[in-house]
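Observations on the three-dimensional arrangement
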Amino acid sequence: TGIQFKTGSSSEIGRFTTDGLTFNGDTAAANALDDYEEGSITGMTVNSGTVSTDTGRYTKIGNRVFFSVLISTFSDETSSTTIAITGLPFTSSANNKSSATIMGRYYYGSSVQVVGYIQQSSNQIYLYAMNGTGNWDTIQHSELTSGSASFFITGHYEAA
């Protein structure tokens, strides 16, 4: 049955079992909190050139990863290479279908909605912007309009 926690004569508020931590009398293994982690994200890279990153943060609860990071100072502003940022703290699951919310500046004229896509079984984020015809296109290094281009990325995904 594990170790139970109660307050006074009230019902159970928590229990440690071999499956993890459960709450309010729940004993289902699938509902047990069995993994929690917080940490820093450092050393993110891009697939062309170099980039500066402020230390990002992540929280992992079970298989769900929440993260935020600032990417800036792209050295490549001329290639037609799609921007892919590598260095998420965990590889995404094979059935991952997550995207990230992005706030950016000095790209594509600075007035375009940007999203990030995290592929399945990957630790990369691909950046997409809505073009003039209402379709999503990948953002290329040549579409950065300043050496001060930056993207604040916050998102979540399912880890493998």
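Preceding this section is the structure that the text describes.
Residues numbered from 1 in each chain as written. Predicted model: local features only at pLDDT ≥ 70, side-chain atom pairs only at ≥ 80, totals over all residues. Heavy atoms only, no water.

A word on the sheet that holds strand β1 (residues 3-6)
Strand order in this open sheet of three strands is β1-β2-β3, and the pairing throughout is antiparallel. For this open sheet the edge positions go to β1 and β3 (20-23), each flanked by a neighbour on one side alone. Mean inter-strand twist for the sheet, computed between neighbouring axes without regard to direction, equals 15°. Of the strand pairs in this sheet, β1 and strand β2 (residues 12-17) are connected by four bridges, and their pairing is antiparallel. Residue pairing across strands places I3 opposite F16, the latter belonging to β2. (Pairing = 2+ DSSP bridges. Helix = DSSP H or I, 4+ residues; strand = E, 2+ residues; numbered from the N terminus. Axes fitted to C-alpha atoms, helices over the stretch in contact; angles between N-to-C directions.)

Digging into the nonpolar core
Counting 27 residues, the largest nonpolar core has F67, I71, F74, I85, L127, F151 and I153 as its most contacted members. At the level of secondary structure, the elements contributing two or more residues to this core comprise β8 (64-72), β10 (98-105), β11 (114-118), β12 (124-130) and β14 (150-158). Of the residues forming this core, the biggest block, four residues, is contributed by β8. Beyond its immediate chain neighbours, meaning those up to four positions away, I85 contacts M44, T45, V46, I71, N123, Q124, I125, L127 and I153. (Core = buried A, V, L, I, M, F, W, Y, C linked by side-chain atoms within 4.5 Å. Buried < 20%, exposed > 50% of the residue type's maximum accessible area, 1.4 Å probe, protein only. Contact = heavy atoms within 4.5 Å.)

A word on the environment of S79
Note on placement: S79 falls in the loop between β8 and β9 (84-86). Since its relative accessible area comes to 18%, S79 is described here as buried. It is 5.5 Å that separates the C-alpha atoms of S79 and H141, two residues lying 62 residues apart in sequence. For S79, the residues in contact, after removing those within four places along its chain, are S48, Q140, H141 and S142. Only 2.5 Å separates the side chain of S79 from the side chain of D76, close enough to count as a polar contact. (Polar contact = N/O pair within 3.5 Å; in protein donor to acceptor, adjacent residues only side chain to side chain.)

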